[in-house]
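Residues per chain are reported as follows:
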Amino acid sequence: LPGRIMVEVVSNARIIGGLTPRAAQMAQSLYSAFCVGDLVLTDVRTAEMTKLTENSFRDVNIAFANELSLVCERMGINVWELIDLANRHPRVNILRPGPGVGGHCIAVDPWFIVSAAPQEARLIRTARQVNDAKPGYVIGRVHQALEGRESPTVAALGLTFKADVDDLRLAIARELALSTPDAAILAVEPNISELPDELRGLGSVTMAETEEAIARADVVLLLVDHREFRDLDRRLLTGRIVIDTRGAWR
């Protein structure tokens, strides 16, 4: 992934807006020193709106997938199979649902558009609300799975905001620990070596290796589809309640 990011730094197009045409041209000159992608000039408001639009577009598409997963859960339909079938249409490209939306930009940028045009940005607002609500839905499924169990154990697989990176997003793991004080939470994250500070202070959370965590768990909650989890021997999951938010073990 770091290699891909560096390629994108050089190859991606840049939308450049300046407070004045001269400022935009100076920024274009700076980017041309290392960027081979298109360097497109516009005014500063349009350039900023372009960034917000890109991330809002992604958020809306993710929200469609996440909402579809809720509908399928209600109707008893396998959402992963459904998406694969629907995507056979040449003009359909539905994304994969997940436990929410992380990262630095997608979860934030749509709100700037909503705040600037609250009456008009109805779809963008709704998408953000759908994605904001998905972590709570996932935690609710864990709570249902733990009903009637004394001193249960949950293996939470994945603490980052997407697969195969070490950029942590700890909201679900932290909220799960806070909302289930009687449960032991075994946090599994192959891309870090020690428990993050935000979780270390919670006495119910400890780090564990993948197989150990699964062996001890009543509920296995897959939050991030790291390659280590995708390649897991599925027989290890026998006898556990599995909540797979990424469709890695479908």
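Structure: see above.
Residues numbered from 1 in each chain as written. Predicted model: local features only at pLDDT ≥ 70, side-chain atom pairs only at ≥ 80, totals over all residues. Heavy atoms only, no water.

The subject of this paragraph is unusual backbone geometry. Even without a glycine there, the phi angle at Ser 151 is positive, about 50°. Structurally, the position occupied by Ser 151 is in the loop between α6 (122-146) and β3 (153-157). (Helix = DSSP H or I, 4+ residues; strand = E, 2+ residues; numbered from the N terminus.)

Let us now look at the pattern of salt bridges. Close approach of charged atoms allows side chains with opposite charge to pair. Summed over the entire model, instances satisfying the criterion amount to eleven salt bridges. A salt bridge links Arg 250 to Asp 84, with the nearest nitrogen and oxygen atoms 2.4 Å apart. Here Asp 84 lies in helix α4 (residues 79-86) and Arg 250 lies in the segment after β7 (241-244), a separation of 166 residues in the sequence. Owing to a relative accessible area of 28%, Asp 84 belongs among the partly exposed residues under this scheme. We note a salt bridge from Arg 216 to Glu 212, for which the minimum N-O separation is 3.1 Å. Pair noted here: Arg 216 and Glu 212 are both in helix α9 (residues 210-216), with a separation of four residues, about one helical turn. With relative accessibility at 46%, the residue Arg 216 sits in the partly exposed group. Taken together, the shared-partner salt bridges in this structure form one network comprising Asp 59, Arg 128 and Asp 132. (Salt bridge = Lys/Arg side-chain N within 4 Å of Asp/Glu carboxyl O. Buried < 20%, exposed > 50% of the residue type's maximum accessible area, 1.4 Å probe, protein only.)

A few words on the sheet that holds β7. Strand order in the open sheet formed by five strands is β5-β4-β3-β6-β7, with parallel pairing between adjacent strands. Each edge of the sheet is formed by a strand with only one pairing partner; in this case those strands are β5 (205-207) and β7. When the angles between neighbouring strand axes are averaged without regard to direction, this sheet yields 20°. Here strand β4 (residues 184-188) runs beside β5; their pairing, made up of three bridges, is parallel. (Pairing = 2+ DSSP bridges. Axes fitted to C-alpha atoms, helices over the stretch in contact; angles between N-to-C directions.)

In this section: a nonpolar patch on the surface. Taken together, the side chains of Met 6, Val 9, Val 10, Leu 30, Phe 34 and Val 36 define a hydrophobic patch exposed on the protein surface, amounting to about 560 Å² of accessible area. If you tally residues by element for the nonpolar patch, the top one is helix α1 (residues 2-11), at three residues. Among the secondary structure elements, Val 36 is positioned in the loop between α2 (21-31) and β2 (39-43). (Patch = residues over 30% accessible without salt bridge, like charges linked within 9 Å, V, L, I, M, F, W, Y side chains within 5 Å. Areas by Shrake-Rupley, 256 points an atom, 1.4 Å probe, with all protein chains shown as cover.)

Below, the discussion takes up the environment of Met 75. Residue placement: Met 75 occurs in helix α3 (residues 44-75). Sequence separation of Met 75 and Arg 250 is 175 residues, and the distance between their C-alpha atoms is 17 Å.

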